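Listed here are the chains, written in short residue letters.
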Amino acid sequence: MAIPFLSFQAQHEPIREQVLAAMARVYDSQWYVLGEEVKHFEAEYAAFSGTQHAVGVANGLDALVLALRALGVGEGDEVIVPSNTYIATWLAVTQVGATPVPVEPDPDTSNLDPAQLAAAITSRTRAIMPVHLYGQACRMKEIMTVALQYGLSVVEDNAQAQGASFGGQLTGSFGHINATSFYPGKNLGALGDAGAITTDDAALDQRVRVLRNYGSQQKYYNEVVGYNSRLDELQAAVLRVKLQSLAVWTGQRQQVAAWYNQHLAGIAGLVLPQTAPGATHVYHLYVVSTHERDALQRRLTEQGIGTMIHYPVPPHLQQAYAPMQFGAGSLPIAEKLARTSLSLPLWPGMTEDQVAEVAQAIRRA
């Protein structure tokens, strides 16, 4: 691709020696699971997130599952989820035995609409799981108000929005317990699968630490039925290096988005990202919308410009959730977004000339 959808080069090259030194430090330590690197990263990520605690786990899906388990969510319970999200949000609910209850997004932001929450709450509802989609903070103050009114827990899915905020407060610090992913393509990405949980609740923090390690605090003594879901030392060491650059990379993402807003302005039929009042956007993705999405994607591919669709099939229409019997048309906003959304190239280090080239190709199309 002349302009790939994603490139790590501008991020990774300047920190190459630091990352290799961190990996060598782990290799030489001869301690590879739940050691000093994880301990230090957990403290550093908690400080970054504005929370009292952070717990490193194996991946983002496990983080969601363990957060729900720590809250005691399980068989017979319901969890409110966005209709428009990556399927991991729903899978976590299903994996603890609960039922995902989808709520449609605000069409302007693609994020969970707080105004639709009350109608979805039943006597079985235990939690709300907002997802800060594409890097934009959800309207968390309204969501927390509804949760407080109905006595519900909140689990933020912060996988795409590390460093975003609403009303000056960081995402991943609003909910009772919150999950994130460090999959390589995320704004803070490891060199493999990795994830974390953040919370201010010491009891929830301790429950997660037991659950992630076979349900055990003391080796070979198991208190509960747990998991093997531990952030490994190598990934923690890499993440410690990359965390130091995250603010700079976020600024670069926001600059690229500002260039897109300027160069794409005024194109008929193309809807640009909108940010809710009070929210910040860290642009994990720059997502436009057009009814000619598929044709536009083909034209851009022909011109060597990489794009992706996030997400072509909403969770309720996936075969995995066919038993829930959601028919086509049952969640029309999510379905419309699946038909019309297109993610354009965006990464730290992308230049304005590259953004202008993408924009010119879109105008020609």
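Reading the values: rules and limits
- Residues numbered from 1 in each chain as written.
- Predicted model: local features only at pLDDT ≥ 70, side-chain atom pairs only at ≥ 80, totals over all residues.
- Heavy atoms only, no water.
- UniProt positions renumbered as here; feature names shortened; annotations may be inferred.
- Pairing = 2+ DSSP bridges.
- Helix = DSSP H or I, 4+ residues; strand = E, 2+ residues; numbered from the N terminus.
- Contact = heavy atoms within 4.5 Å.
- Axes fitted to C-alpha atoms, helices over the stretch in contact; angles between N-to-C directions.
- Domains from an automatic or database assignment.
- Buried area = accessible area lost by both parts, 1.4 Å probe.
- Nonpolar A, V, L, I, M, F, W, Y, C, P; charged D, E, K, R; others polar.
- Parallel < 35°, antiparallel > 145°, perpendicular 65-115°, else oblique.
- Left-handed = near helix turned anticlockwise from the far one by under 90°.
- Phe/Tyr/Trp six-rings, centres within 6.5 Å; stacked < 30°, edge-to-face > 60°.
- Buried < 20%, exposed > 50% of the residue type's maximum accessible area, 1.4 Å probe, protein only.
- Arc of directions from axis to C-beta.

In the annotation of an unreviewed UniProt entry, the chain is listed under the name DegT/DnrJ/EryC1/StrS family aminotransferase and assigned to Hymenobacter oligotrophus. Its UniProt record, at the heading Sequence similarities (unreviewed entry), says of the chain: "Belongs to the DegT/DnrJ/EryC1 family."

Now for the sheet that holds strand S3 (residues 99–103). Reading across from one edge, S3-S2-S4-S5 is the order of the 4 strands in this open sheet, with parallel pairing throughout. Edge positions in the open sheet fall to S3 and strand S5 (153–154), since each of these has one partner strand only. Bridging between strand S2 (residues 78–82) and strand S4 (residues 125–128) involves 3 bridges; their strand directions are parallel. Within S4, the residue paired with valine 79 across the bridge is alanine 127. Packed on one face of the sheet, helix H5 (residues 88–95) meets S2 and S3 and runs near 175° to S2.

Moving on, we get to the domain arrangement of the chain. Interfaces are often described in size by the accessible area the parts lose on coming together. What the domain assignment reports for the chain is domain 1 (8–104 + 112–241) and domain 2 (246–364). Computed from C-alpha coordinates alone, the two centres of domain 1 and domain 2 are separated by 24 Å. Taken together, the two surfaces of domain 1 and domain 2 that pack against each other cover about 2900 Å², and 64% of this comes from carbon and sulfur. Counting the surface domain 1 buries against domain 2, the share from its top three residues, Glu104, Tyr134 and Asn187, is 26%. Of all elements in the fold, only helix H1 (9–12), H5, S3 and strand S6 (165–166) reach the threshold of two or more residues within the side of domain 1 that touches domain 2. Of the residues contributing to the side of domain 1 that touches domain 2, the split by class is 16 nonpolar, 15 polar and 3 charged.

In this section: the packing of helix H2 (residues 16–29) against helix H9 (residues 233–243). Any two packed helices are characterised by how steeply their axes cross, that is the angle between the axes, and by the distance between the axes. Close contact between H2 and H9 brings their axes to 9 Å; oriented N to C, the two are set at 150°. Here H2 lies roughly antiparallel to H9, going by the angle between them. Crossing angle aside, the handedness with which H2 passes H9 is right-handed. Here Gln18, Val19, Ala22, Met23, Arg25 and Val26 of H2 lie close against H9, whose contacting residues are Glu233, Leu234, Ala237, Val238, Arg240 and Val241. Split into classes, the residues belonging to the contact of H2 with H9 amount to 8 nonpolar, 1 polar and 3 charged.

A word on the packing of aromatic side chains. Taken as a whole and judged by the stated rule, the model has 9 aromatic pairs. On the basis of an interplanar angle of 25° and a centroid distance of 5.7 Å, the ring pair of phenylalanine 41 and tyrosine 45 is categorised as stacked. One end of the pair is phenylalanine 41 and the other is tyrosine 45, both in helix H3 (residues 36–49) and 4 residues apart, which spans about a single turn. On the basis of relative accessibility, which here comes to 1%, the residue phenylalanine 41 falls in the buried class. Owing to a relative accessible area of 2%, tyrosine 45 belongs among the buried residues under this scheme.

A word on the UniProt feature "active site" (unreviewed entry) in the chain. If you check UniProt for "active site" (unreviewed entry), the listed places come out as Lys186 in our numbering. Turning to its location among the elements, lysine 186 is positioned in the loop between strand S8 (178–181) and strand S9 (195–199).

An order of S1-S9-S8 is seen for the 3 strands of this open sheet, with the pairing classed as antiparallel. Of all strands in the sheet, those bounded by a partner on one side alone are strand S1 (53–57) and S8. Taking each pair of neighbouring strands and ignoring which way they run, the sheet shows an average axis angle of 20°. Bridging between S8 and S9 involves 4 bridges; their strand directions are antiparallel. Across the sheet, residue threonine 180 finds its bridge partner in S9, namely alanine 196. Seen against the sheet, H3 touches S1, S8 and S9 and runs at an angle of roughly 125° to S1. Where helix H8 (residues 202–212) meets the sheet, its contacts fall on S1 and S9, and the angle it forms with S1 comes to roughly 15°.

Because an α-helix packs 3.6 residues into every turn, residues spaced three or four apart end up facing the same way. Among all positions of helix H11 (residues 293–302), only Arg293, Leu296, Gln297 and Leu300 are buried. Buried residues of H11 fall within an arc of 100° about the axis and therefore sit on the same side. In this structure, H11 carries Arg298 and Glu302 as exposed residues pointing more than 90 degrees from its buried face. Against helix H12 (332–340), strand S13 (341–344) and helix H13 (352–364) lie the buried residues of H11. One or two steps after H11, the chain reaches glycine 304, where phi turns positive at roughly 80°.

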